Amino acid sequence: MDQTSRQALNRNDAAMPLSPVWWLHLPVAVFLLLVLLFQFSTVLFAGWFDGERGALEIAQFVILLTSTVVGVRLVFHPVTRRTPGLLLWSSLATLGVAYTAGEEISWAQHLVGWGTPHWWADLNDQGETNLHNVSSWLDQKPRALLEVGIVIGGIVLPLLLRAVPRLQQVRAATIVPPLALLPLALLAELARLGERARDVFGSQPEIVYRPSEVQELFFFWFALIYLIVLYRRVADEETQPLIACT
């Protein structure tokens, strides 16, 4: 393997900037905690984790807010700004997490507690100041697109790059998530396994309470670690020549 191939391998697979605690140990521990709480203490789960001000919603917002900060730094990095494709991708990702952060707290409605104007409450199926409860085109369909993206980007492509190393020399491989993010992608899918089995086979036990919310938690967790990894790839002086041709 030549020097270029080794650098490509490092930036895509081996050089995780974070300890496994953040992308493996802690996510698995959180998932098991949510499963155990649902199986043995639904009252405790409902009291601490459910609702718009519960731990799940607050954790989602904090993760998305942190992702936005990382994304802004990524967009304004000099290497990103002189690489049109990467700039477009980073900008879309950053706008996506920023928008979702606002939607998660209904643009501060759940924190401040203001009322929803009557004319908007009539359009919003939950009477909140947000867009995603207005239409499936602003909720279920973007969510489905995100899920497909995480399955492809977090599972399929990293495994493909590992199986076919020469593909890691392609400049577009810079934006492929590392294989280390596969556990987060799998946990996100596992969260709704019981719900989907019920849709196919009839009555099936749920794995966690509010599986959609748990899935979103791991979606957003995946996005945060991904943006951190992408920023570190861009900031790494050894891989910069492979990202942006000057």
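Residues numbered from 1 in each chain as written. Predicted model: local features only at pLDDT ≥ 70, side-chain atom pairs only at ≥ 80, totals over all residues. Heavy atoms only, no water.

Chemist: Tell me about a nonpolar patch on the surface, and please be specific about residues and values.
Modeler: A surface patch of nonpolar side chains, about 570 Å² in accessible area, is lined by Tyr99, Trp107, Leu131, Val134, Trp137 and Leu138. Position of leucine 131 among the secondary structure elements: in the loop between α8 (118-121) and α9 (140-163). (Patch = residues over 30% accessible without salt bridge, like charges linked within 9 Å, V, L, I, M, F, W, Y side chains within 5 Å. Areas by Shrake-Rupley, 256 points an atom, 1.4 Å probe, with all protein chains shown as cover. Salt bridge = Lys/Arg side-chain N within 4 Å of Asp/Glu carboxyl O. Helix = DSSP H or I, 4+ residues; strand = E, 2+ residues; numbered from the N terminus.)

Chemist: Tell me about α9, and please be specific about residues and values.
Modeler: End to end, α9 covers 33 Å across 24 residues, agreeing with the expected 34 Å (1.5 Å per residue, within 8%). The principal kink in α9, of about 30°, is found at valine 156, preceding the proline proline 158 by one to four residues. Within α9 the residues assigned to the buried category are Arg143, Glu147, Ile150, Gly153, Gly154, Ile155, Pro158 and Leu161. (Expected span 1.5 Å × (residues − 1). Bend = angle between axes of the 7 residues up to and from the residue. Buried < 20%, exposed > 50% of the residue type's maximum accessible area, 1.4 Å probe, protein only.)

Chemist: Let's hear about the nonpolar core: which residues, and what values?
Modeler: Membership of the largest hydrophobic core comes to 46 residues, with the highest contact counts inside it found for Trp23, Leu181, Leu184, Val214, Phe218, Phe222 and Ile225. Listed by contribution, the elements that provide at least two residues to this core are α2 (20-40), α4 (55-75), α6 (84-104), α9, α10 (182-191) and α12 (211-235). Counting residues per element, this core draws most heavily on α12, at 17 residues. (Core = buried A, V, L, I, M, F, W, Y, C linked by side-chain atoms within 4.5 Å.)

Chemist: Could you give an account of the environment of serine 91, naming the residues involved and the relevant values?
Modeler: Of note, serine 91 is situated in helix α6. Residue serine 91 is classed as partly exposed on the basis of its relative accessible area, which comes to 24%. For the pair serine 91 and valine 75, spaced 16 residues apart in the sequence, the C-alpha separation amounts to 6.1 Å.

Chemist: Help me get a handle on the packing of α9 against α12, residues and values and all.
Modeler: Look at α9 against α12: their axes get within 11 Å of each other, and the N-to-C directions meet at 50°. Classified by the interaxial angle, the pair formed by α9 and α12 is oblique. Classified by chirality, the crossing of α12 by α9 is left-handed. Contacts from Arg143, Leu146, Glu147, Ile150 and Gly154 in α9 reach Ser212, Gln215, Glu216, Phe219 and Phe222 in α12. Split by residue class, the contact of α9 with α12 holds 4 nonpolar, 3 polar and 3 charged. (Axes fitted to C-alpha atoms, helices over the stretch in contact; angles between N-to-C directions. Parallel < 35°, antiparallel > 145°, perpendicular 65-115°, else oblique. Left-handed = near helix turned anticlockwise from the far one by under 90°. Contact = heavy atoms within 4.5 Å. Nonpolar A, V, L, I, M, F, W, Y, C, P; charged D, E, K, R; others polar.)

Chemist: Explain the packing of aromatic side chains to me, using residue names and the numbers behind them.
Modeler: Counted by the stated rule, this structure contains 2 aromatic pairs. For the ring pair phenylalanine 218 and tryptophan 221, a centre distance of 5.8 Å and an interplane angle of 5° mean the geometry is stacked. Of this pair, phenylalanine 218 and tryptophan 221 both sit in helix α12, 3 residues apart, roughly one helical turn. Judged by its relative accessible area of 8%, tryptophan 221 falls in the buried class. One aromatic cluster is present, built from ring pairs that chain together Phe31, Phe218 and Trp221. (Phe/Tyr/Trp six-rings, centres within 6.5 Å; stacked < 30°, edge-to-face > 60°.)

Take it as geometry only, folks, not as evidence of what the structure does.
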